[in-house]
There are 2 protein chains.
Amino acid sequence: MHTEDRESTPTKSEDRQQPRAHTRRDFLENLGRVAGVGATYAAMTGLGLLSTPAQAADRSPQLPRVTELSNKVGKGKSVAIIGAGITGLTLAYELSRLGFSVTVLEATSRHGGRSRTVRGGDRLQEYGGIQEVRWDKEEHLYANMGPARIPYHHQTVIGYCKEFGVPLEVFVNENRGSLIHESKAFGGTPVENRYFVHSTRGWMSELLAKAVNRQALDDVLSSEDKEKLLVMLKGYGELDSKYQYPGASRAGYRVTPGAGLVAGELNPHASLQDLLSSEYAKSNLSFTEEWNQAATMLQPVGGMDRIVQAFAKRVQQYIRYDSPVTSLRKVGDRARVAYRSKGEERVLDADFAIVTIPFPAFTKVPNDFSAAHQAAMKSCQYTQAVKIAFQADRRFWEEDQHIYGGISWTDQDIGEMMYPSGGLMSRKGIIVGAYIRDDGVGTRYAAMSFPERIEGALRCGEQIHPQYRREVKNGVSVGWPKVPYQDGGWAVWSDAARAEHYPVLTQPDGPLYLAGCQVSYLPGWQEGSVLSAHTVAAALVDRVSARAAA
Amino acid sequence: MHTEDRESTPTKSEDRQQPRAHTRRDFLENLGRVAGVGATYAAMTGLGLLSTPAQAADRSPQLPRVTELSNKVGKGKSVAIIGAGITGLTLAYELSRLGFSVTVLEATSRHGGRSRTVRGGDRLQEYGGIQEVRWDKEEHLYANMGPARIPYHHQTVIGYCKEFGVPLEVFVNENRGSLIHESKAFGGTPVENRYFVHSTRGWMSELLAKAVNRQALDDVLSSEDKEKLLVMLKGYGELDSKYQYPGASRAGYRVTPGAGLVAGELNPHASLQDLLSSEYAKSNLSFTEEWNQAATMLQPVGGMDRIVQAFAKRVQQYIRYDSPVTSLRKVGDRARVAYRSKGEERVLDADFAIVTIPFPAFTKVPNDFSAAHQAAMKSCQYTQAVKIAFQADRRFWEEDQHIYGGISWTDQDIGEMMYPSGGLMSRKGIIVGAYIRDDGVGTRYAAMSFPERIEGALRCGEQIHPQYRREVKNGVSVGWPKVPYQDGGWAVWSDAARAEHYPVLTQPDGPLYLAGCQVSYLPGWQEGSVLSAHTVAAALVDRVSARAAA
Ligand SMILES: Cc1cc2nc3c(=O)[nH]c(=O)nc-3n(C[C@H](O)[C@H](O)[C@H](O)COP(=O)(O)OP(=O)(O)OC[C@H]3O[C@@H](n4cnc5c(N)ncnc54)[C@H](O)[C@@H]3O)c2cc1C
Ligand SMILES: Cc1cc2nc3c(=O)[nH]c(=O)nc-3n(C[C@H](O)[C@H](O)[C@H](O)COP(=O)(O)OP(=O)(O)OC[C@H]3O[C@@H](n4cnc5c(N)ncnc54)[C@H](O)[C@@H]3O)c2cc1C
């Protein structure tokens, strides 16, 4: 293989530099993508937007208010939205502005669904019982037990934050000062993230430089390539003049450099075997570099639920709480939704119904979706995620270990510990002591009693922070598989299921639609939920305008 | 070479987990390191600290106030501190609390020195004239023209922030969504940082996997090592099942994944030649991974000068502004400092004098330091750093390009553009349009007129952001080599000068001391300045207690 064989057209700046900010125009673009040019045109005229110069619209801090516009494309059409998570809330917000008459049926007494920020005084319902959250009440004393992160390119969610005035701050995902704990490497002693990462880079660079210098890659590298590659490797791996990695400054110091004659002492050289034996190297070395995890990551100041609260404020009047849907039927070309409210069975008929319930919960609801839809929903797996959080009266991770946000990784059950990015240097803090994303472990933890989960988290946590057990208190957990009307974490599509089953879910069955991040290529992300809501809204606009035209 | 030959003792957790937070005890430890056990003991008794359990002291949010303690080790001794930058301010604060009688002589009308945060209404003096800063006045509309960053391990600076109640927030140093612009790569088109970085990792991993699979490294890798290394490389480089890098998700998308059937389209595969031809790969690919640059990076909310302001508030009474020192003499075993004030020549006699002036400025002041000291100061080079900043009435980098903080790199004169980490999503912002760290370019830019600098920055900037010229206004620059009483950026010690000349500077010449980050292993960092101040304070404590004992 010769490197020249490869295509080398990079992302063109014209592509990149096109505004992608969430705007009315973006919504119309989504709409156009899904519904075709005709519908977009119709919607644009309908919204009175064709006259708005795109450039100006992009810059307006507030989107043009659809309700202020005359032509209402959804007028006279009713939509039942099932579930008041961020998908249902977005649908209610956008469809009501488009003139549809909307009703949101929500099983529980709260909106937000998985967007669950926990604070002192909250009560957490699971099948196994209720936990009361006994944390102090201060702005920064919260834990995002569901979504916690917003990557910079989730511009639709970020756009809503802007529109609603929800302030965002930086979420620290990668922290070179946090810890890696591996029971089978480094003698079980936690090491600093920078030590692990830069020792690895050093080794990789040393080995590749050796191969280059041994002429092992001469068929794929010209001599000019080789020369430049060696320069790059020396920089990348902090190699010495012999292209060896001796241990270097990026991997940190045992004695940090100071003033006077305190030159500092480097950390010792790490063995390749220790690095290679670790789970972290296998699974999470590039976690914070993934498409949805790389800097700059953001979070709403004060908790993720600030977003759903902002939505809910605007659509409160359409939501019926404590109204679990018990069946969903097609009656002619309309939808019939049965639900329970104040002990009574009720029925809501609507022109359309949109289901935003996660599949594991929805499959419990008798419904008229086609066999193909049912099979597709069954083919989609949900994670068994569990999070556990504690209050600390002293931010020992900051004070003792100088960890400001980010993640410490371990091969123990808890998987990771997450430190708050907000309220840095304040006295108290909430630490996420476990974020279990391994389904085996998650199933086990979800099945435990609440105190057993806490004890498990403490036992693991004190391997990483010896002071842990005496510093934290009032642990609470959310075992997502055990949360009523959730029954799982987030959707995971296998390649096979995505190819065979997924596409049908993007199509309605008569008056019945599905929406949520499970019906997107961003499952497990609010951006997927919100984009899915836009997509279904656009399909409805298309449908009612086509009908109107006919 | 066999990997087993290498030492593999990692950082021990006992080492790491020792509190290193800035505390009274840290100060005493610095003191002990420099001055020996005797002095530490004396100081500890002097400060009445021997009775304070270390643990409790570490946890106290406020340090014990030395002034509240009875025994004043510095009583009756006078110290002239020359310069009111962070070094002089720290010295004034700590020495006055130790009972010394201190006077700070500052040449200019402001304290802070290089810790210079620029805001609307400021006037910037250079030899070439004055610039008036015509920016709007809002909390986030500032530019740190000197120090901007605090790495998480600069615990002495962070400790003072805590002590003084200066809130810190995250400083975004690495941003995978920012841009890399290379005139000689990618056809001169800016590409996303993630595209560059992950294409590079992909290539490196593919090449190393190839070498491993060709048995080119069998003498240094066991077959178990090889197997594990391949797993790691596959993950690190996002390689396919044939260990090839085809271009993958971490390098970003031309069309981002969305809802419905929008699966997304990957960016095209980058050529190794484009990557290798870049300055970025040669010089800055690992910039944000350096000891002092890696996450978590912090900044004071509202501007770096919040720190020096907090110091100054506490030592205001000791500072004489507009008092440039004109000579420094030894008279017997005491110091005689001549300075100008209100047009008059004045003299200050003191037991000790501590010089915190940067060397390029200090060498203009006739002084009695030994020939060895003079030679050492001359052997230390200072950078020719220049920064240029603009106001934008619209955060176009956020709105159009979704860049939230961080750096875009270019091989043009400006070197880099820095986006604000504070005030995310607010309307207006200050963008640092140039941070010139190349001495050749810096010398050239420092020599330009103010408008020429601005025009240079605009010409480069619009290669990266086409909308730049019409979006920014009121550019201002600081050419550090042209700032009176500074005459340069920060100290850079060559290995040779460090070995031959540096050590003498850590020693006083009779009553004359030197302090500042140039007298540390953290030159160019406030932490070096503050630690150097502690070191000199400790040496004085040692000296006066030894005398008292004698
Ligand atoms: C542990 C975890 C971490 C995550 N991390 C992130 C992250 O960092 N960033 C991010 O963007 N996303 C993250 N996500 C994904 C994010 O939570 C989802 O994308 C989003 O919240 C889903 O919103 P939704 O409205 O589609 O579904 P949900 O929020 O699940 O809402 C469904 C609603 O339907 C209701 N309901 C269920 N059954 C019925 C019924 N029979 N009748 C009436 N109502 C019913 C439920 O009560 C609920 O209110 C995470 C999720 C989890 C679980
Ligand atoms: C462009 C740039 C970027 C930097 N970035 C960072 C960063 O990100 N993080 C960080 O921590 N550090 C950074 N630094 C370094 C930081 O600015 C210094 O470490 C620190 O500010 C130096 O403080 P000082 O008190 O030792 O010297 P100075 O701040 O230079 O103070 C010296 C003082 O002496 C006065 N003086 C000079 N001559 C006389 C005289 N004859 N008589 C009386 N007074 C006199 C001056 O007016 C000045 O007030 C940066 C520096 C520069 C220039």
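As the structure is a computational prediction, the values presented were derived from the model and not from experiment.

Reading guide: rules and limits
- Each chain has its residues counted from 1, following the order in which its sequence is written.
- Going through the entries in the order they are written, you letter the chains from A and number the ligands from 1.
- A pLDDT threshold of at least 70 governs which residues receive local features in this predicted model, and a stricter bar of 80 or more applies before side-chain atom pairs are shown or counted, although totals over entire chains, interfaces and linings include all residues.
- The basis for every side-chain value is the complete set of heavy atoms in the structure, and neither hydrogens nor water enter the calculation.
- The criterion for a residue being near a molecule or strand is simple. One of its heavy atoms has to lie within 4 Å of it.
- Within 3.5 Å is the distance limit for a polar contact, defined as a pair of N or O atoms, with the added protein rule that one can donate a hydrogen and the other accept it, and that residues adjacent in sequence qualify only through two side-chain atoms.
- Calculation of accessible area relied on Shrake-Rupley with a 1.4 Å probe; when residues are assessed, cover is drawn exclusively from the protein chains displayed.
- Only DSSP runs of H or I covering at least 4 residues are called helices, and only runs of E covering at least 2 are called strands; the numbering of each starts at the N terminus.
- Residue polarity is assigned by list, with Asp, Glu, Lys and Arg as charged and Ala, Val, Leu, Ile, Met, Phe, Trp, Tyr, Cys and Pro as nonpolar; anything else, Gly included, falls into the polar class.
- Domains are outlined according to an automatic or database domain assignment.
- The classification of residues rests on relative accessible area computed with a 1.4 Å probe and restricted to protein chains. Under 20% of the type maximum is buried, over 50% is exposed, and intermediate values are partly exposed.
- Two residues qualify as a contact provided that any one of their heavy atoms is within 4.5 Å of a heavy atom in the partner residue.
- Salt bridge, as used here: a side-chain nitrogen of Lys or Arg that lies within 4 Å of a carboxyl oxygen of Asp or Glu.
- Buried surface area refers to the total accessible area, computed with a probe of radius 1.4 Å, that the two partners give up upon joining, counted for both partners together.
- Should DSSP find at least two bridges between two strands, the strands are taken to pair.
- Copies overlap after least-squares fitting; the atoms used are the C-alpha atoms of residues with pLDDT of at least 70 in both.
- Every residue gets a pLDDT, meaning the predictor's confidence in that residue, from 0 to 100.
- Count a disulfide wherever a pair of cysteine sulfur atoms falls within 2.5 Å.
- Each Phe, Tyr or Trp ring, with Trp reduced to its six-membered ring, pairs with another whose centre is within 6.5 Å; inter-plane angles below 30 degrees give stacked pairs, above 60 give edge-to-face pairs, and intermediate values give tilted ones.
- Nine residue types can take part in a nonpolar core, namely buried Ala, Val, Leu, Ile, Met, Phe, Trp, Tyr and Cys, and a core is a set of them joined through side-chain atoms within 4.5 Å.
- Only the stretch in contact is used when a helix axis is fitted, and all axes are lines through C-alpha atoms; the angle between N-to-C directions ranges over 0 to 180 degrees.

**Some words on the site of ligand 1**
All names here are of chain A.
No. 1: Close to ligand 1 lie 37 residues; Thr87, Glu106, Arg114, Arg149 and Gln526 are nearest.
No. 2: Glycine 524 is positioned with one of its backbone polar atoms (N or O) 3.1 Å from a nitrogen atom of ligand 1.
No. 3: A distance of 2.8 Å separates an oxygen atom of ligand 1 from a polar backbone atom of glutamine 526.
No. 4: Its free accessible area being 1000 Å², ligand 1 has 98% of it covered by the protein chains.
No. 5: Every element with two or more residues in the shell around ligand 1 is listed here: α4 (86-97) and α19 (526-549).
No. 6: Partitioned by chemical class, the residues of the shell around ligand 1 number 19 nonpolar, 15 polar and 3 charged.
No. 7: Each of two domains, domain 1 (73-112 + 306-380 + 492-549) and domain 2 (119-168 + 384-482), supplies a minimum of three residues to the shell around ligand 1.

**Comments concerning helix α10 (residues 305-315) of chain A**
No. 1: Within α10 of chain A, the full set of buried residues consists of Asp305, Ile307, Val308, Ala310, Phe311, Ala312 and Val315 of chain A.
No. 2: In this structure, the buried residues of α10 of chain A make contact with α4, β3 (117-119), β7 (150-151), α5 (155-164), β13 (297-300) and β14 (319-320) of chain A.

**Topic: the pattern of salt bridges**
No. 1: Counting across every chain of the model gives 62 salt bridges over all chains.
No. 2: Salt-bridge contacts for glutamate 174 of chain B lead to arginine 176 of chain B; the nearest nitrogen and oxygen are separated by 3.3 Å.
No. 3: Glutamate 455 of chain B serves as the salt-bridge partner of arginine 459 of chain B, at 3.8 Å between the closest nitrogen and oxygen. Pair noted here: arginine 459 of chain B and glutamate 455 of chain B are both in helix α15 (residues 450-464), with a separation of 4 residues, about one helical turn.
No. 4: Taking the relative accessible area as the measure of exposure, glutamate 455 of chain B reaches 31% and is therefore partly exposed.
No. 5: One continuous salt-bridge network, built from bridges that share partners, spans Glu174, Arg176 and Arg201 of chain A together with Glu289 of chain B.

**Thoughts on the site of ligand 2**
Residues and elements named next belong to chain B.
No. 1: Taken together, 36 residues lie around ligand 2, and Thr87, Glu106, Arg114, Arg149 and Gln526 are the ones closest in.
No. 2: Take alanine 107: an N or O atom from its main chain is 3.1 Å from a nitrogen atom of ligand 2.
No. 3: Interatomic distance of 3.1 Å between a backbone N/O atom of glycine 524 and a nitrogen atom of ligand 2.
No. 4: For the shell around ligand 2, the class distribution of residues is 19 nonpolar, 14 polar and 3 charged.
No. 5: Taken domain by domain, the makeup of the shell around ligand 2 includes at least three residues from each of domain 1 (24-112 + 306-381 + 491-549) and domain 2 (117-178 + 384-482).

**Here's the deal with the interface of chain B and chain A**
No. 1: Each partner contributes residues to the interface: chain B has 130 residues there, and chain A has 130 residues.
No. 2: Each partner contributes to the roughly 11400 Å² buried at the junction of chain B and chain A, and carbon and sulfur atoms together form 59% of this total.
No. 3: Taken together, chain B and chain A are joined by 6 salt bridges.
No. 4: A salt bridge links aspartate 219 of chain A to arginine 214 of chain B; the shortest N-O distance between them is 2.7 Å.
No. 5: Linking chain B with chain A are 35 residue pairs in polar contact (both at pLDDT 80 or more).
No. 6: Top element by residues in the side of chain B that touches chain A is helix α6 (residues 193-213) of chain B. It accounts for 12 residues.

**Let's talk about the pairing of strand β21 (residues 406-410) of chain A**
Residues and elements named next belong to chain A.
No. 1: By the criterion of burial, β21 is predominantly enclosed, with 5 of the 5 residues buried.
No. 2: Judged by which residues are buried, β21 turns out to be covered on both faces: Gly406, Ser408 and Thr410 on one side and Ile407 and Trp409 on the other are all buried.
No. 3: Pairing of strand β9 (residues 179-181) with β21 involves 2 bridges; the strand directions are parallel. Looking across to β21, one finds that histidine 181 is bridged to threonine 410.

**Overview of the relation of the copies chain B and chain A**
No. 1: Each copy of the sequence occupies a distinct position, and chain B is placed on chain A by a rotation of 180° and an axial shift of 0.0 Å, giving an RMSD of 0.0 Å. Both copies are brought into coincidence by an operation consistent with a two-fold rotation axis. Looking at the rotation axis and the C-alpha trace of chain B, the residue lying nearest is leucine 208 of chain B, at 2.6 Å.

**As for the sheet that holds strand β8 (residues 168-171) of chain A**
No. 1: Strand order in the open sheet formed by 3 strands is β7-β13-β8 (chain A), with antiparallel pairing between adjacent strands. Strands at the two margins of the open sheet, each flanked by one partner only, are β7 and β8 of chain A.

**Side note on the confidence of the model for chain A**
Residues and elements named next belong to chain A.
No. 1: When the pLDDT values of chain A are averaged, the result is 89; 87% of them are 70 or greater.
No. 2: This stretch, residues 1-25, has a pLDDT under 50; its non-local contacts, to residues over four places away or in other chains, come to 86 contacts.
No. 3: Contacts from residues 32-70, a stretch scored under 50 in pLDDT, to residues over four places away or in other chains number 59 contacts.

**Quick look at unusual backbone geometry**
No. 1: Alanine 295 of chain A connects to threonine 296 of chain A through a cis peptide bond whose omega is 0°.
No. 2: Considering the arrangement of structural elements, one finds threonine 296 of chain A in the loop between α9 (279-284) and β13.

**Let's talk about the state of the cysteines**
A covalent bond between the sulfur atoms of two cysteines is what we call a disulfide.
Residues and elements named next belong to chain B.
No. 1: Evaluation of the coordinates by the stated rule reveals 0 disulfides over all chains.
No. 2: In this structure cysteine 380 is not part of a disulfide, and its nearest cysteine sulfur, from cysteine 517, lies 9.1 Å away.
No. 3: A relative accessible area of 6% places cysteine 380 in the buried class.

**Remarks on the packing of aromatic side chains**
No. 1: In this structure the tally under the stated criterion is 42 aromatic pairs over all chains.
No. 2: With a centroid separation of 6.0 Å and an interplanar angle of 85°, the aromatic rings of phenylalanine 362 of chain A and phenylalanine 369 of chain A are classed as edge-to-face.
No. 3: On the basis of relative accessibility, which here comes to 4%, the residue phenylalanine 369 of chain A falls in the buried class.
No. 4: Seen from their ring centres, tyrosine 93 of chain B and tyrosine 160 of chain B are 6.1 Å apart, and the 75° between their planes marks the pair as edge-to-face. With tyrosine 93 of chain B in helix α4 (residues 86-97) and tyrosine 160 of chain B in helix α5 (residues 155-164), this pair connects stretches of sequence that are 67 residues apart.

**Re the nonpolar core**
No. 1: One finds Phe196 and Leu217 of chain A together with Phe196 and Leu217 of chain B to be the most contacted residues of the largest nonpolar core, which totals 114 residues.
No. 2: Setting aside its immediate chain neighbours within four residues, phenylalanine 196 of chain A contacts Ile180, Phe186, Val191, Leu275, Ser278, Tyr280, Ala281 and Leu285 of chain A.
No. 3: Membership of the second largest hydrophobic core comes to 94 residues, among which are Met425 of chain A together with Ala92, Val536 and Leu540 of chain B.

**Observations concerning the sheet that holds strand β15 (residues 325-331) of chain A**
Residues and elements named next belong to chain A.
No. 1: Sheet architecture is open: 3 strands sit in the order β15-β16-β17, paired in antiparallel fashion. Looking at which strands have only one partner, the edges of the open sheet turn out to be β15 and β17 (344-350). When strand polarity is set aside, the average angle formed by the axes of neighbouring strands in this sheet is 20°.
No. 2: Bridge count between β15 and strand β16 (residues 334-341): 6 bridges; the pairing is antiparallel.

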